[in-house]
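A closer look at the structure
Residues per chain, in single letters:
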Amino acid sequence: MSMANQTTVIEFVLLGLSSDLQLQTFLFRVFLVIYLTTLGCNVAIMLVRRADPQLDTPMYFLLSHLSFSDICFSSVTVPKMLETLLSEPKTISVSCCFAQVFLLLSGCKPPGSQVTQTP
């Protein structure tokens, strides 16, 4: 008779930074302000670059795309972290976890790019 493990994982428990409710509320506010500031500044960079024709140079083009990338990367994990700070139970489903990992890793290398090594 085979005694193999037949359990499946459906969610992960997130331990968080603290179990103190007051500290969790404080951290939620701090991270929310940082996240909203990040979003606002990056959107402002993209809008200013778009509005001013003098900023149509490669440097500002790159800066605009870096701002977009920063918005995408910060929007992958921070909203779930903010939700977890104030909610019970503090869990994340396996599919949500895999989606976050995929979105984070897919941004590391642009699609279609090839890695070349030079001697």
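Residues numbered from 1 in each chain as written. Predicted model: local features only at pLDDT ≥ 70, side-chain atom pairs only at ≥ 80, totals over all residues. Heavy atoms only, no water.

So, on to a nonpolar patch on the surface. Together, Leu23, Phe26, Val30 and Ile34 make up a nonpolar patch on the protein surface, roughly 330 Å² of accessible area in all. Considering the arrangement of structural elements, one finds Leu23 in helix H1 (residues 21–51). (Patch = residues over 30% accessible without salt bridge, like charges linked within 9 Å, V, L, I, M, F, W, Y side chains within 5 Å. Areas by Shrake-Rupley, 256 points an atom, 1.4 Å probe, with all protein chains shown as cover. Salt bridge = Lys/Arg side-chain N within 4 Å of Asp/Glu carboxyl O. Helix = DSSP H or I, 4+ residues; strand = E, 2+ residues; numbered from the N terminus.)

A separate point is the UniProt feature "transmembrane region" (unreviewed entry) in the protein chain. Feature annotation in UniProt places "transmembrane region" (unreviewed entry) on residues 26–48, given in this structure's numbering. Strand forms 0% of residues 26–48 and helix 100%; the C-alpha atoms that close the span are 33 Å apart. (UniProt positions renumbered as here; feature names shortened; annotations may be inferred.)

Right, let's talk about the pattern of salt bridges for a bit. Tallied over the entire structure, the rule returns 3 salt bridges. For the salt bridge of Arg49 with Asp56, the shortest nitrogen-to-oxygen distance reads 3.2 Å. Classification of Arg49 as buried rests on a relative accessible area of 14%. Overall, the relative accessible area of 58% leaves Asp56 in the exposed class. Residue Lys90 pairs with Glu88 through a salt bridge whose shortest N-O separation is 3.9 Å. (Buried < 20%, exposed > 50% of the residue type's maximum accessible area, 1.4 Å probe, protein only.)

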